[in-house]
Amino acid sequence: MLGAKPWSCQSTCSYPLGVILLCLCVSVCGVALDYIEIGTADFDTLAQQLHGTDPVGLSIEPVEEHFQQLPVKETSETKIGQRKLWAAVAEQDGEADLYVVRPEYMEPQCSNATVRQLGLQYCLPWWFRATASLHKPAALVDVHAGEKAVEAQMVVKVPTVSYASLMERFDVTSLHLLKIDTEGFDVLILRQMLKWGKTTSQYPERVQFERNNLTDAREAEELFFELQAVYDCWAPATEDDVQCLRLGNIAAGDRLPTASSGWFHMEIPSWWRMELPDRLTVAAVQLATSTGPSGPMAVTVGDSPVVHQNRRCGHRSHGRSDDLVALVAHCALEGRYVGLLGSSKAEDVEILVPLLGEAFRLSMGRVCCHRECNSTDTHLFEGYDPRCEERCRNDRNCRFFTSFSSLWCITYADCDEELLSLLPGTTFGIAQNEFLPLPLNEARQSSLDWGGEPERAIDGKFDPHFLMGSCSHTAEETDSNGTWWAASTALPFHAISAVRVLGRWDCCHERLDGWEVRIGFDPDPRQNPLCGMQQRVLPAGSRRLVKCGEALPGNVVGVVLPSGQALTLCEVEAFGPFRW
């Protein structure tokens, strides 16, 4: 079962010409896989979900009964197809003990008539057939079966393969998604993946693994720190899995505009700035710098072109090479500009942001909708497709796409509104933003209630839960001309094209109905011209971009609620006409 390479071409004499050419390409170039799923069980697998499409993937399952149920697609003249491997991924190639739950202890074989005979308080749920554990009994069975846990499991011998052997055996040279569900062995496999990546520079673009109490907490924390050097990881609130996206150097190739206060590489300037193609999450900035009399280099990220006004990256790590100091600034900040402050010489600047191919991540756990989410006509495609970015780029109308952990794909022409998704989806943009973010300051509001200071709505945090301390809150003022919130632009005059508002998720979102965005010079935003039209209710936790049509002059950005209901805003962003 683990002998010859499944996709190698040892004899091509009896194959059609297309297959021979395909095999020659595989032998020379290796295989580009859409997915590898390790620990599949036999339900809700990627192989089953994608079987009606045309993916290139590999399923690895140690329980032979489950393995037999997995679908495959044989090699065709144009595609390698889907394959499966009966094995467990372990430290080394060979064989090992696998503990699996006996069928008679689980539903449907276990019933009210037999449960007492087995000595159980209740039958184990049917999904316990997916709790196979390598080398040792499954901890989850101990929790549910108690003293009968040992009797409820049987030991079978299964072949094992290391991650490195897996990559070599299948000639894998690129991988889109690595999905791992191995009942506490995720850390072991992820460490092997990182080791393979350091050796070959071949890392999966996306990684998904379990977050549960079956993994040792200290090992998980150490691994998460190692992953941060290569990936940006997040854990959806509604899922037990961690999602990771590969970091890419967006500064490569001199594609982005830069500015400085002088000749940066000659140690004269006091600052340097790079403008990003959108408001992006900057995970880290890496550079080599010489130590100068002004002290160490500082790195900032934010929306202001005046880089010293933006927030500074936090934890920094150093390493020395020759006469240079390698600096890694860990940022985890969002913004349109990355700045360097200090007079030291800097070389080889790398700005690391989460990327999928060449698409930029815009939001996590959100999907796009249109026309106040009353229509789906902005959806260009919806269905399973492991190559979602490619599909979007091949459609001249597509500007955004959402890719889910199941490889479900949605492509859009527009993304003026974003809704919270119950499934772990990530939304990306492939086109440059049509607007330029404008920093806001001096926030104020008509009244204060529940400690919701107005500054919270421009703190750069996009958390729609009020108790997390990042949402403003006024009192109810139904006997007035409406509640309001306002902030000023950094410059006394701006042309403002759009304003984006993030609403509250945990409570009372229905209050934000009939609200207005107003732009002008009057400190009282109610007196300023209307941007766009009056807005209907903002769905819980959603984010809406209100376009003004023609850009409006002003330095005051306001949100007004004429009903006088309590006004709660979790983030407000302003945008001007785009210019380099």
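Residues numbered from 1 in each chain as written. Predicted model: local features only at pLDDT ≥ 70, side-chain atom pairs only at ≥ 80, totals over all residues. Heavy atoms only, no water.

Observations regarding the overall build of the protein chain
- Assigned secondary structure in the protein chain consists of 9 helices and 34 strands.
- Expressed as a percentage of its 580 residues, the buried residues of the protein chain come to 53%.
- Of all intrachain contacts in the protein chain linking residues separated by at least 6 positions in sequence, the fraction that spans at least 24 positions is 74%.
- Within the structure as shown, the protein chain displays about 26,400 Å² of accessible surface, and the carbon and sulfur contribution to it stands at 51%. (Helix = DSSP H or I, 4+ residues; strand = E, 2+ residues; numbered from the N terminus. Buried < 20%, exposed > 50% of the residue type's maximum accessible area, 1.4 Å probe, protein only. Contact = heavy atoms within 4.5 Å. Areas by Shrake-Rupley, 256 points an atom, 1.4 Å probe, with all protein chains shown as cover.)

Brief notes about the environment of Val560
- Along the polypeptide, Val560 turns up in strand β33 (residues 556–561).
- We classify Val560 as buried; its relative accessible area is 3%.
- In this structure, the C-alpha to C-alpha distance between Val560 and Ser446, residues 114 residues apart in sequence, is 9.6 Å.
- Excluding anything up to four places from it in sequence, Val560 contacts Thr483, Trp484, Trp515, Glu516, Arg518, Pro525 and Arg526.

Notes on the pairing of strand β9 (residues 206–210)
- The element β9 is extensively covered by neighbouring structure, given that 5 of its 5 residues are classed as buried.
- Taking every second residue as pointing to the same face, both faces of β9 are buried, with Arg206, Gln208 and Glu210 on one and Val207 and Phe209 on the other.
- Pairing analysis gives 3 bridges linking strand β8 (residues 172–180) to β9, with the strands arranged parallel. Residue pairing for β9: Leu177 is matched across the bridge by Arg206.
- Taken together, β8, helix α7 (residues 186–200) and β9 constitute a β-α-β crossover, and its handedness is right-handed. (Pairing = 2+ DSSP bridges. Right-handed = clockwise from strand over helix to strand, strands pointing away.)

Focus on the environment of His465
- Along the chain, His465 turns up in the loop between β27 (440–445) and β28 (483–489).
- In this structure, His465 is in contact with Cys471, Trp505 and Asp506, ignoring residues within four places of it in sequence.

Considering the state of the cysteines
- Evaluation of the coordinates by the stated rule reveals 9 disulfides.
- Linked covalently through their sulfurs, Cys531 and Cys548 form a disulfide whose S-S length is 2.0 Å. Disulfide Cys531 to Cys548: torsion about the S-S bond roughly -95 degrees, handedness left-handed. Of this pair, Cys531 sits in strand β31 (residues 530–535) while Cys548 sits in strand β32 (residues 543–554); the two residues are 17 residues apart in sequence, bridging distant segments of the chain.
- By relative accessible area, Cys548 is classed as buried at 13%. (Disulfide = S-S within 2.5 Å.)

Some words on the packing of aromatic side chains
- Throughout the structure, instances matching the rule amount to 5 aromatic pairs.
- Ring geometry for Phe43 versus Trp126: centroids 4.9 Å apart, planes at 65 degrees, classification edge-to-face. Of this pair, Phe43 sits in the loop between β1 (31–38) and α2 (46–49) while Trp126 is found in the loop between α4 (115–118) and β6 (133–134), placing the two residues 83 residues apart along the sequence.
- Using a relative accessible area of 37% as the deciding quantity, one classes Trp126 as partly exposed.
- Ring geometry for Phe401 and Phe428: centres 5.1 Å apart, planes at 20 degrees, overall stacked. (Phe/Tyr/Trp six-rings, centres within 6.5 Å; stacked < 30°, edge-to-face > 60°.)

Quick notes on the pairing of strand β10 (residues 231–234)
- Burial along β10 is two-sided: the face carrying Tyr231 and Cys233 and the face carrying Asp232 and Trp234 are both buried.
- Pairing of β10 with strand β11 (residues 241–249) involves 4 bridges; the strand directions are antiparallel. Following the sheet pairing, Tyr231 is matched in β11 by Arg246.

Quick word on the sheet that holds β31
- With antiparallel pairing, the 5 strands of this open sheet are ordered in space as β27-β28-β33-β30-β31. Every interior strand has two partners, whereas the edge strands, β27 and β31, have only one. Ignoring which end each strand starts from, the neighbouring axes of this sheet average 15 degrees apart.
- Where strand β30 (residues 515–520) meets β31, 3 bridges bridge the pair, whose relative direction is antiparallel. Counterpart to Trp515 in the pairing with β31 is Gln535. (Axes fitted to C-alpha atoms, helices over the stretch in contact; angles between N-to-C directions.)

Section: the nonpolar core
- Ranked by size, the top nonpolar core spans 35 residues in total, and within it Ile36, Leu166, Leu178, Met193, Leu227 and Tyr231 carry the most contacts.
- Ranked by residues supplied to this core, first place goes to α7 with 6 residues.
- Ignoring sequence-local partners within four residues, the contact set of Leu166 consists of Ile36, Leu58, Ile60, Leu85 and Val161.
- In this structure, Ala346, Ile351, Val353 and Leu355 belong to the second largest nonpolar core, which totals 26 residues. (Core = buried A, V, L, I, M, F, W, Y, C linked by side-chain atoms within 4.5 Å.)

Concerning unusual backbone geometry
- Residue Pro108 follows Glu107 across a cis peptide bond; omega there is 5 degrees.
- Tracing the backbone through its elements, the reader meets Pro108 in the loop between β5 (94–101) and α4.
- Of note, the phi angle at Asp171 is positive, near 55 degrees, even though the residue is not glycine.
- Checked against the element boundaries, Asp171 lands in the loop between α6 (163–169) and β8.
- Even without being glycine, Glu183 reaches a positive phi, approximately 50 degrees.
- For Glu183, a relative accessible area of 15% corresponds to the buried category.

A look at the pattern of salt bridges
- Overall, the coordinates contain 23 salt bridges when judged by the stated rule.
- One salt bridge in this structure joins Arg279 and Glu573, with 3.5 Å as the shortest N-O distance. In this pair, Arg279 is assigned in strand β13 (residues 271–289) and Glu573 in strand β34 (residues 571–577), connecting sequence segments 294 residues apart. Accessibility assignment for this pair places Arg279 and Glu573 in one class, buried.
- Between Arg543 and Glu418 there is a salt bridge, with its nearest N and O atoms 3.0 Å apart. Taken as a pair, Arg543 in strand β32 and Glu418 in strand β24 (residues 417–420) lie far apart in primary sequence, 125 residues in all. Pair check on accessibility: Arg543 and Glu418 agree, each one buried.
- Several salt bridges share partner residues, and in doing so they unite Arg279, Asp303, Glu334, Glu418, Arg500, Arg543 and Glu573 into one network. (Salt bridge = Lys/Arg side-chain N within 4 Å of Asp/Glu carboxyl O.)

Focus: the packing of α7 against helix α8 (residues 217–227)
- One way to put it is that α7 packs onto α8 with a least axis distance of 11 Å and a crossing angle of 25 degrees. When the interaxial angle is binned, α7 and α8 end up roughly parallel. With respect to the hand of their crossing, α7 and α8 are arranged in left-handed fashion. Contacts from Val187, Leu190, Arg191, Met193 and Leu194 in α7 reach Glu219, Ala220, Glu222, Leu223, Glu226 and Leu227 in α8.
- Of the residues that constitute the contact of α7 with α8, the class distribution is 7 nonpolar, no polar and 4 charged. (Parallel < 35°, antiparallel > 145°, perpendicular 65-115°, else oblique. Left-handed = near helix turned anticlockwise from the far one by under 90°. Nonpolar A, V, L, I, M, F, W, Y, C, P; charged D, E, K, R; others polar.)

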